[in-house]
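# Observations on chain architecture
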Number of protein chains: 2
Amino acid sequence: MKVVIIGVGLIGGSIAKDLKSSGFANSIIGVDENVQHGEIAISNGLVDEMKPLDSAIQDADIIILSTPVEVSKNLISGILDKIGSKTMIDVCSTKKSITDLVKNHKNRGRYVAAHPMAGTEYSGPNAAVDKLFENKTNIICEKEKSDSDSLKISLDLFDTLKMNTNFMESNEHDVHAANVSHLSHISSFALALSVLDIENENPEDIKIMAAGGFRSTVRLAKSDARTWEEILLDNSENVLNALDIYTSQLERFKEALQTKNKTMLNQLILDSNKIGPIVDSISKSAEEK
Amino acid sequence: MKVVIIGVGLIGGSIAKDLKSSGFANSIIGVDENVQHGEIAISNGLVDEMKPLDSAIQDADIIILSTPVEVSKNLISGILDKIGSKTMIDVCSTKKSITDLVKNHKNRGRYVAAHPMAGTEYSGPNAAVDKLFENKTNIICEKEKSDSDSLKISLDLFDTLKMNTNFMESNEHDVHAANVSHLSHISSFALALSVLDIENENPEDIKIMAAGGFRSTVRLAKSDARTWEEILLDNSENVLNALDIYTSQLERFKEALQTKNKTMLNQLILDSNKIGPIVDSISKSAEEK
């Protein structure tokens, strides 16, 4: 199988590694506007060669679009124009705006909208790792709009990555992603900003006091700015809804502390403890990947 | 050395394990109002025997007070009354109110105010583990108020636990603890409450979408309610200040999203990325301990 990967960063590069080592792909062509990333992708063995977009697409069986969401939205229609009988999969973290963009495209059937939910706080081709996706969740949206052969080859690909695929509507995906994933990132960004702000005279003091709990909650604040500004803006309506609920929960903690209401504080923490079984169901190994 | 540990939970039990295996203690007596915890502490080999408070203190060389902060504040003066030439260390996560409480006690010098900064989201004697404290930070407050022999034996004890001890004033400790540790816990509690609130019709949907990032940011929401309600209330003034700054940072994200201000959002994330080197300086292994 000839695979083209547009965007050879953390996600595209990690997909390339597994597709190659598994034998799913016998040839991988990379496409990237960042020349240096292309050179790293070749020297790290992620891809066999780098090509310009148009010539790369010509030879492909499958095209994987793994660029930041704004780039993907700029590229998707042009790729579908020339897709012929090939299959294209996008792996963006938001799905509504990109699926809406091509919903009436004559070649919509050749496109599979996916979100393999794996990542790290690192980015770029040097961040690509083996088995990033193993045992993690993949979401495919609007599967009924994809041709059955495109859907099948995509499912084979995600099976090769050892992912568990679930199906959702795009809007439903984006609502859940805002609540579970995007809100976590903002909570972590804001935590980093707060601590850096408060401790700005002596940031070294943060190191003295920072233990495992702080590391855990603030780790996502290392995430790539370009990737995340685009995700958050693309999903801004759902993210704002989630943020409103988050700040109202924080206000309840403020109220309990201001009024020294021990019963209220106790109940808030006991209620939040109910997340325990859900946390326990997520593998620890997922955390650092 | 005869060591008495009051409160044989996660912290007290883990201290007991290391003091015993290292040979620092040749006898460990536990004290706990929870009879079942006492039985577990004996059967898990954390302590040699359980005794009532008064008779336990009589035989001790060192007394470690590792109960929730309100219990510690209720017990500390009574223990100091009978301390003689023994040493008492408290290990509460807040330091100002407890050191203020005994600042004029005639035996203040026998007391060392410490905060060994280690923990997990679990609690009770079954959560006690070996080497919980290794390579982590210990804070000792108001060291000049402790007698030199009490300070020395306490430093020996924390060295035995392989901790790095720093010195601070109580107030300074509580301000930093609010910003770095206590705020992280509230951000995580509120995140759990938000996600459970939004996804209340189908909590199973959280599992489908929850990946490593969510696990990491929400993990602290499993923390023990009694422990944390007491810490947060005891340090409420500093925690409220930190919470105000945190919510104002979240408001900046809201503004950037509402106005679709990509430059502002980019700058917020880039600024939060500055926490990266600090996160990297905290050992990964600390995260799950």
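Structural notes, computed from the coordinates. Sequence order sets the numbering: in each chain, residues are counted from 1 along the sequence as written. All chains are assigned letters beginning with A, and all ligands numbers beginning with 1, in the order in which they are written. Predicted model: local features are reported for residues with pLDDT of at least 70 only, side-chain atom pairs are reported and counted for 80 or more only, and whole-chain, interface and lining totals are derived from all residues.

Here we come to helix H4 (residues 69–81) of chain A. All names here are of chain A. A rise of 1.5 Å per residue sets the reference length of H4, with its 13 residues, at 18 Å; its end C-alpha atoms lie 19 Å apart and thus fit the reference within 8%. The largest bend in H4 is about 35 degrees, located at Leu75. Along H4, the residues that are buried comprise Val69, Ser72, Lys73, Ile76, Ile79 and Leu80. Buried positions along H4 lie against helix H3 (53–58), strand E4 (62–65), strand E5 (87–90), helix H5 (96–101), strand E6 (111–116) and helix H10 (225–234). Starting at the N terminus, helices and strands are each numbered in turn, a helix being any DSSP run of H or I of at least four residues and a strand any DSSP run of E of at least two. Expected helix span is taken as 1.5 Å per residue step, with the number of steps being one fewer than the number of residues. In this scheme, the bend at a residue equals the angle between the axes fitted to the seven residues that finish there and the seven that begin there. Residues with at least 20 neighbouring C-beta atoms inside 10 Å of their own are called buried, those with 12 or fewer are called exposed, and the rest are partly exposed, where every C-beta is derived from the backbone. Working definition of a contact: two residues with C-beta atoms, positioned from the backbone, lying within 7 Å.

Residues and elements named next belong to chain B. Put simply, helix H7 (residues 170–198) and helix H11 (residues 236–258) touch, their axes get as near as 9 Å, and they point 60 degrees apart. By the angle between their axes, H7 is oblique relative to H11. Viewed along their axes, H7 and H11 form a crossing whose handedness is right-handed. Seen from H7, the contacting residues are Asp174, Val175, Ala178, Asn179, His182, Leu183, Ile186 and Ser187; seen from H11, they are Asn238, Val239, Ala242, Leu243 and Tyr246. Under the convention adopted here, Pro, Cys and the residues Ala, Val, Leu, Ile, Met, Phe, Trp and Tyr are nonpolar, Asp, Glu, Lys and Arg are charged, and Gly plus all remaining residues are polar. Here the contact of H7 with H11 is composed, by residue class, of eight nonpolar, four polar and one charged. In this analysis, axes come from line fits to C-alpha atoms, helices being fitted only over the stretch in contact, and the angle between any two N-to-C directions falls in the range 0 to 180 degrees. For this classification, under 35 degrees means roughly parallel, over 145 means roughly antiparallel, 65 to 115 means roughly perpendicular, and everything else is oblique. Left-handed describes a crossing in which the near helix is turned anticlockwise from the far one by less than a right angle; the clockwise case is right-handed.

Glancing now at the nonpolar core. Considering soluble globular proteins, one finds that nonpolar side chains tend to be buried as a cluster. A set of buried residues qualifies as a nonpolar core if it consists of Ala, Val, Leu, Ile, Met, Phe, Trp, Tyr and Cys joined through C-beta atoms within 7 Å. The biggest cluster of nonpolar side chains holds 186 residues, and the ones touching the most others in it are Val4 and Ile64 of chain A together with Val4 and Ile64 of chain B. Excluding residues that lie within four positions of it along the chain, Val4 of chain A makes contacts with Ile29, Val31, Ala56, Ile57, Ala60, Ile63 and Ile64 of chain A.

Residues and elements named next belong to chain B. Orientation of H11 relative to helix H12 (residues 262–273), taken along the N-to-C sense of each, is 150 degrees, at an axis distance of 8 Å. In this view, H11 runs roughly antiparallel relative to H12, as classed from their interaxial angle. The crossing of H11 and H12 is left-handed. Packed against H11, whose contacting residues are Arg252, Phe253 and Ala256, the element H12 presents Met264, Leu265 and Leu268 at the interface. Per-class residue counts for the contact of H11 with H12 are five nonpolar, no polar and one charged.

A word on the sheet that holds E5 of chain A. Here the rule is simple: two strands pair whenever DSSP picks up at least two bridges between them. Strand order across the open sheet formed by eight strands is E3-E2-E1-E4-E5-E6-E7-E8 (chain A), with mixed pairing between neighbours. With partners counted over all chains shown, the strands left at the sheet margins are strand E3 (49–50) and strand E8 (164–168) of chain A, one partner each.

One open sheet accounts for eight strands, arranged E3-E2-E1-E4-E5-E6-E7-E8 (chain B); its pairing is mixed. Taken across any chain shown, the strands that pair with only one partner, and hence form the sheet edges, are strand E3 (49–50) and strand E8 (164–168) of chain B.

Nothing here speaks to function; it is all geometry.
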